[in-house]
Each structure stands twice: as structure tokens, then as C-alpha cells.
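Analysis of the macromolecular model
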Amino acid sequence: MARTRFTREDLEQLPEDRRAELHEGDLVMVPAPDPYHQRIVGDLHAALRDVVGRDRVLIAPTDVVLDEETVLQPDLLVLPTGTRASRRPWRIPAPVWIAEVLSPQTAERDRGPKLRLYARLGVREAWLVDPDAASIEVRDLQSGTATFFRSGEKARSATLAGFAVDVTELFAV
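Remember, it's a predicted structure, so these values are computed and weren't measured experimentally. (Residues numbered from 1 in each chain as written. Predicted model: local features only at pLDDT ≥ 70, side-chain atom pairs only at ≥ 80, totals over all residues. Heavy atoms only, no water.)

What follows is about the sheet that holds strand β3 (residues 57–59). The sheet built from six strands is open, its strands ordered β3-β6-β7-β8-β9-β10 with mixed pairing. Strands at the two margins of the open sheet, each flanked by one partner only, are β3 and β10 (145–150). Pairwise comparison of adjacent strand axes, ignoring direction, gives a mean angle of 15 degrees for this sheet. Bridge count between strand β9 (residues 135–140) and β10: six bridges; the pairing is antiparallel. Within the sheet, the bridge partner assigned to I136 lies in β10 and is F149. Each of β7 (97–101), β8 (125–130) and β9 is contacted by helix α4 (residues 113–121), which is oriented at about 170 degrees to β7, the strand it contacts most. (Pairing = 2+ DSSP bridges. Helix = DSSP H or I, 4+ residues; strand = E, 2+ residues; numbered from the N terminus. Axes fitted to C-alpha atoms, helices over the stretch in contact; angles between N-to-C directions. Contact = heavy atoms within 4.5 Å.)

This is how it looks when you write it as C-alpha cells:
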């Protein structure tokens, strides 16, 4: 039996209230995040805006198109220097930095296929923010190296000069 491959056109036909991504032709429905997840995203967004400015930081759901069969929605992304969000039909260029706040439903996909796709897109750095482990994994997607930051440490970006987050503060409830 032939496998159905979805395209960006198929994705655009979904109702606006449906969050979905395309992973190399596979339609992946994305569950709504819980309030704790969203608070973490909000805190990271505020910290990023202080460092790179409001025009370069975007929050999900924002489609990042790799090709006609791959459309991703990172929780947060930073546009390249000199780029700023615009009105439609503007297409987002490859982000320089992304963050995924992990959940039990998305962690495997975020750590595996999505990282590979982000690297293929040209993203330089990915932050995997794990609320359950109270840790941040900073991945250099060009070299494939990872640095782990835990409570009592400051997670630092190699890509975004001056961007650092106190891990303990980020996960405080």
C-alpha cells in the first residue's frame, strides 16, 4: 500500500485552529501546550527580546518551511541579523536559533527527526528545554555537539552573543 505524502498545500487546507507540522511528507498533529510550557516559552521570549530585539524573535505557531514536504513550528526562533518579521506573503528565512520546550508527547520527535531537519535547514543552534529534568541542552547543529545546563547554572548561547538564562529561575514554579 502506497504511503500518503502530505505537502505544504495540504497543511494550508487544515482549519486555522489546528496545529500541525510536516516532517518529510508526514503530517504530525501538534498537541496544545500546557500552561507551564507556555510560561517557559514566555520567559525565554522576554529574555531573547532583551538581547536580540523584538523584530527577530518569533513564537509558535510560526511555520518554518524547509521544502514543500517539511514545515516545522519551533516553540521559539530567532531570525538572522538584518531580518525582521513582515506581513504575508513573506516567507521566514532559516532561523539562526530555535528552542523546543519538551513534553512527554513531543520529546522523542523534538530530540530526533526535528533536530536533523533543523540542521538541514541551516539552523546553527537549538535549545532543548526539558521541564521534567529541569535542564537545557544546547546543541550546535553544525558540529553536532551538545552542552547540558542544570539547576544552579546559566545556559549560554554560542550563537546569540550575550544570551544566557538562569536554569533555576526558568523552571521555578
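Looking now at unusual backbone geometry. Geometrically, the link from A60 to P61 is a cis peptide bond, its omega value of 0 degrees lying close to zero. Relative to the elements of secondary structure, P61 occurs in the loop between β3 and β4 (64–67). Even without being glycine, E24 reaches a positive phi, approximately 50 degrees. Within the element layout of this structure, E24 appears in the loop between β1 (20–23) and β2 (26–29). You will see that A134, though not glycine, has its phi angle at about 50 degrees, which is positive. Inspection of the secondary structure puts A134 in the loop between β8 and β9.

Time to look at the side chain of R56. Position of R56 relative to the elements: it lies in the loop between α2 (35–52) and β3. Despite its burial, R56 pairs with no opposite charge, the nearest such side chain being D55 at 8.9 Å. Once you skip the residues sitting within four places of it in the chain, R56 turns out to touch L77, V78, L79, P80, T81, T83, V96 and L160. (Buried < 20%, exposed > 50% of the residue type's maximum accessible area, 1.4 Å probe, protein only. Lys, Arg positive; Asp, Glu negative; His and termini not counted. Salt bridge = Lys/Arg side-chain N within 4 Å of Asp/Glu carboxyl O.)

Attention now moves to the nonpolar core. If you look at the biggest cluster of nonpolar residues, it comprises 24 residues, and the most contacted ones within it are W97, W127, V129 and I136. Among the nonpolar cores identified, the runner-up in size contains 17 residues, and L58, V64, L66 and L141 belong to it. (Core = buried A, V, L, I, M, F, W, Y, C linked by side-chain atoms within 4.5 Å.)

Now for the environment of I136. Position of I136 relative to the elements: it lies in strand β9. Linking I136 and V96, residues 40 residues apart in sequence, is a C-alpha distance of 18 Å. Sequence-distant contacts of I136, defined by excluding residues within four places in its chain, comprise W127, L128, V129, T147, F148, F149, A155, V165, V167, L170 and F171.

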